[in-house]
Amino acid sequence: MSWGLADVRVRRGRVLALDGVTVPVGRSGVTVVVGGDGAGKSTCLQALVGLVEPESGTVRRPPKERVGYVPATCGIYPDLTVAENIEFAALAYGVGRGERDRRAARILGRTGLDQALRRLGGQLSGGMQRKLAVGLALLHSPELLVLDEPTTGVDPVSRAELWRLISGAAAGGTAVAVATAYVNEAARGERVVLLESGRMLASGSPEEILRAVPGAVGVVPGAAGGVPGAAGTAAGAGTAAARPARWWRRGPAWRVWAPDGELPEGAEPAEPDFDDAVMIAALAHEAGGAR
Amino acid sequence: MSGALAEARGASRRFGSFTAVRAVDLTVGKGEVVGLLGANGAGKTTLIRMLLGLLTPSDGAVRLLGAVPSRASRRRVGYVPQTLGLYAGLTVAENWRFSAGAFGDRGAPVPGGIAGWRNELAGRLPLGTQRQVAFALALSHRPDLLVLDEPTSGVGPLGRARLWDEIRRAAERGAGVLVTTHNMEEAEQCDRLVVMAAGAVMARGTVAQIIGGRTVARVRCPDWNRAFTILDASGVPVAVHGRDLRAAAPADEVSALLAREGIAAAVEVVPAGLEEAFVAMVAGPQGA
């Protein structure tokens, strides 16, 4: 059996921060938890590593010393040098000197941090800080690696390097859970959980989530003057919220979701992609919540 | 110059011996959503500051609404920084009055979309709501040019759809929109992209034009863990996607590396994604 959350509820004050959330984390491979600000991603990961206590549900994780966790805030000591950060993490996890040097050399070489050993953590660029944090969390070869938004605000080059580190950990047999607000990072997951307001919108492999899209998706080329084919919604007729919610934009074009498969006139059928699947899951959830 | 809303012609900016922006051409026309893409330190912010007249070019020229940037032309610009730029200690209504006053629009009523929060302190609102308020403020004076920094990062799907709808409506009214980002989802929402690295423009065009003919090798094999380890150790930029691997290297090279270790794998050449193309462009052979 693997690690993860099963049907977990977490209450924070009066707010139900997680409501029946299940996040399976396999013994190798990456689980990606995707959602916007306030969706419950951090709470999910904090429940997974034992920082918050669920009101109900099951949490499975290895013993604390076999877990590597990087919070969204940072995960390094800004007033220690890179070398000191490594030494501190190694001591905290009881990693012996030989082992530490071997693993640190590998991680440092991979991230380019070997050029910055004497620099203070706080003086590194954002991307370098994240790479150091992930490297520190990997120093004791954890069984479970938990990363809260490691790539947020990081530029694409550093993001690629981070994902290479994360992929390497997964390939080496570490169970990995990563939270992200970037929908396109979901494709990197073997399993994906979409969260919104503490609830699961969808879960499964990216392919499964895509296959589960009900109805049909259409596309209408960009046209000024409002939603094509939808009466009474010309531009200026109200706020975006007043429009039928099944339309959304992609670039200058409109995309439309017909839950019953009947596309409105003028819409060309389109093969749904993962972005569509996420949008449709959110729309379906909203419709369900309003009932 | 032309009727562009914002334009840089051979614009450069040096700080001492460091060249932050090197001979950049950029135009944003009416009704266009242009994405300015670049890694950190690529020169995006310096370029924007020149376009707004907050920095003078060392060489070349910039025009904002057809003239040298000035206080008057900046009044016709709406700007939403990544940090949103709200006064956390003021209410939404106070933020509105401050902004309307600054743009010479004193007395304008708080718009309906954000009026529900008028008496809340901006800093106490959820981030998504703060973003809506910041947008309403930036759009309040019907700007001719909108400058947006990662406008939808961290926003859930419905909120994101709402924001892009507002951005597109502004463009349909004739505004030009310049989006600076390193979020590929945002880049894919733009009409065209300008990719910067190390102060210079590396590529420009639609998403398809930026990707060009770039490909990656997709590796499928039961023993993906070992395949990853072998490719990674050989210095091939590679990443796990589900149970597939994607490697930024020629397929025959990838096949040969795996075959040498006795790994049977289906290696297929597939089109690169925007992010993969971007990384290949700015980082060369590093990174996957």
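The rules behind each value
- Residues numbered from 1 in each chain as written.
- Chains lettered and ligands numbered in written order.
- Predicted model: local features only at pLDDT ≥ 70, side-chain atom pairs only at ≥ 80, totals over all residues.
- Heavy atoms only, no water.
- Helix = DSSP H or I, 4+ residues; strand = E, 2+ residues; numbered from the N terminus.
- Buried < 20%, exposed > 50% of the residue type's maximum accessible area, 1.4 Å probe, protein only.
- Contact = heavy atoms within 4.5 Å.
- Buried area = accessible area lost by both parts, 1.4 Å probe.
- Salt bridge = Lys/Arg side-chain N within 4 Å of Asp/Glu carboxyl O.
- Polar contact = N/O pair within 3.5 Å; in protein donor to acceptor, adjacent residues only side chain to side chain.
- Nonpolar A, V, L, I, M, F, W, Y, C, P; charged D, E, K, R; others polar.
- Domains from an automatic or database assignment.
- Phe/Tyr/Trp six-rings, centres within 6.5 Å; stacked < 30°, edge-to-face > 60°.
- Lys NZ or Arg CZ within 6 Å of the ring centre and 35° of its normal.
- Pairing = 2+ DSSP bridges.
- Axes fitted to C-alpha atoms, helices over the stretch in contact; angles between N-to-C directions.
- Parallel < 35°, antiparallel > 145°, perpendicular 65-115°, else oblique.
- Left-handed = near helix turned anticlockwise from the far one by under 90°.
- Core = buried A, V, L, I, M, F, W, Y, C linked by side-chain atoms within 4.5 Å.

Draft legend 1. Fine view of the overall build of chain A. A tally of regular secondary structure across chain A gives seven helices and 13 strands. The principal-axis extent of the C-alpha atoms belonging to chain A is close to 70 × 40 × 35 Å. Here chain A holds 291 residues, and the buried ones make up 53% of them. In chain A, 69% of the contacts between residues at least 6 apart in sequence involve partners at least 24 apart.

Draft legend 2. The interface of chain B and chain A, seen in detail. Taken residue by residue, the interface counts 44 residues in chain B and 45 residues in chain A. Around 4,000 Å² of area is buried between chain B and chain A when both sides are counted, 51% of it from carbon and sulfur atoms. R164 of chain A is the salt-bridge partner of D232 of chain B, the closest N and O atoms lying 2.6 Å from each other. For the pair chain B and chain A, the number of links is 19 residue pairs in polar contact (both at pLDDT 80 or more). Secondary structure elements with two or more residues in the side of chain B that touches chain A: helix 6 (157–172), helix 7 (184–187), helix 9 (224–233), strand 11 (238–241) and helix 11 (274–283) of chain B. For the side of chain B that touches chain A, the residue count by class is 19 nonpolar, 13 polar and 12 charged.

Draft legend 3. View of the domain arrangement of chain B. Domain annotation of chain B identifies domain 1 (6–210) and domain 2 (215–271). In this structure, domain 1 of chain B and domain 2 of chain B have C-alpha centres spaced 40 Å apart.

Draft legend 4. Inspection of the pattern of salt bridges at higher detail. All names here are of chain A. With the rule as written, the count across this model stands at 32 salt bridges over all chains. A salt bridge links D19 to R199, with the shortest nitrogen-to-oxygen separation between them at 3.5 Å. With D19 in strand 2 (residues 15–25) and R199 in strand 9 (residues 199–204), this pair connects stretches of sequence that are 180 residues apart. Judged by relative accessible area, which is 40%, R199 ranks as partly exposed. Beyond isolated ion pairs, a larger network of salt bridges with shared partners links R9, R11, D19, E55 and R199.

Draft legend 5. View of the packing of aromatic side chains. Residues and elements named next belong to chain A. On inspection of all chains with the given rule, the structure shows three aromatic pairs over all chains. Judged by centre distance (4.9 Å) and plane angle (65°), the rings of Y77 and F88 are edge-to-face. Within this pair, whereas Y77 is found in the loop between strand 5 (67–70) and helix 2 (82–92), its partner F88 is found in helix 2, the two being separated by 11 residues in sequence. Residue Y77 is classed as partly exposed on the basis of its relative accessible area of 41%. Here the aromatic rings of W247 and W254 are separated by 6.3 Å at their centres, their planes lie at 85°, and the arrangement is edge-to-face. Accessibility assignment for this pair places W247 and W254 in one class, buried. Against the face of W3 rests R27, its NZ or CZ located 4.2 Å from the ring centre. The ring centre of Y182 lies 4.7 Å from the NZ or CZ of R159, which sits over that ring.

Draft legend 6. Local environment of the sheet that holds strand 8 (residues 191–196) of chain A. All names here are of chain A. Ordered by their spatial adjacency, six strands build an open sheet running 5-6-7-3-8-9, and the pairing between neighbours is mixed. The two strands at the open ends of the sheet, each matched to only one other strand, are strand 5 and strand 9. Averaged over all neighbouring strand pairs, the angle between strand axes comes to 15°, with direction disregarded. Bridge count between strand 5 and strand 6 (residues 144–148): four bridges; the pairing is parallel. Bridging across to strand 6, Y69 finds its partner in V146.

Draft legend 7. Molecular detail of the packing of helix 3 (residues 97–111) of chain A against helix 4 (residues 126–138) of chain A. Residue and element names in this part refer to chain A. Where helix 3 contacts helix 4, the axes come no closer than 10 Å and their chain directions differ by 155°. The pairing of helix 3 with helix 4 is recorded here as roughly antiparallel in orientation. At the point where helix 3 passes helix 4, the crossing takes the right-handed sense. Taken together, the residues of helix 4 that come into contact with helix 3 (itself represented by R103, I107 and T111) are M128, K131, G135 and L138. Among the residues making up the contact of helix 3 with helix 4, the classes are represented as three nonpolar, two polar and two charged.

Draft legend 8. Layout of the nonpolar core. L231 and L245 of chain B are the most contacted members of the largest nonpolar core, which has 77 residues in total. Top element by residues in this core is helix 7 (residues 274–290) of chain A. It accounts for eight residues. Ignoring anything within four residues of it in the chain, the contact list for L231 of chain B reads V219, V236, V238, L245, V254, L257 and L258 of chain B. L148, A171, I211 and A283 of chain B belong to the second largest nonpolar core, which has 47 residues in total.

Draft legend 9. Quick peek at the pairing of strand 12 (residues 253–258) of chain A. Residue and element names in this part refer to chain A. Taken across its six residues, strand 12 has six buried, putting it largely inside the fold. The sheet contact formed by strand 10 (residues 216–220) and strand 12 spans five bridges and is antiparallel. Note that in strand 12 the partner of G218 across the bridge is V256. As paired strands, strand 11 (residues 247–250) and strand 12 are joined by four bridges and run antiparallel to one another. In the strand pairing of strand 12, W247 is matched with V256. Connecting the antiparallel pair strand 11 and strand 12 is a turn made up of two residues, with G251 showing a positive phi of about 60°.

Draft legend 10. Main features of the pairing of strand 3 (residues 29–34) of chain A. All names here are of chain A. With six of six residues buried, strand 3 is to be regarded as a mostly interior element. Of the two faces of strand 3, the one carrying G29, T31 and V33 and the one carrying V30, V32 and V34 are both buried. As paired elements, strand 3 and strand 8 share four bridges and run parallel to each other. Pairing of V34 across the sheet is with L194, part of strand 8.

Draft legend 11. Helix 9 of chain B, seen in detail. Residues and elements named next belong to chain B. Summarising burial for helix 9: seven of the 10 residues are buried, a large majority. When helix 9 is considered as a whole, its buried residues turn out to be W224, N225, A227, F228, I230, L231 and D232. Within two residues after helix 9, G235 carries a phi angle of roughly 85°, on the positive side.

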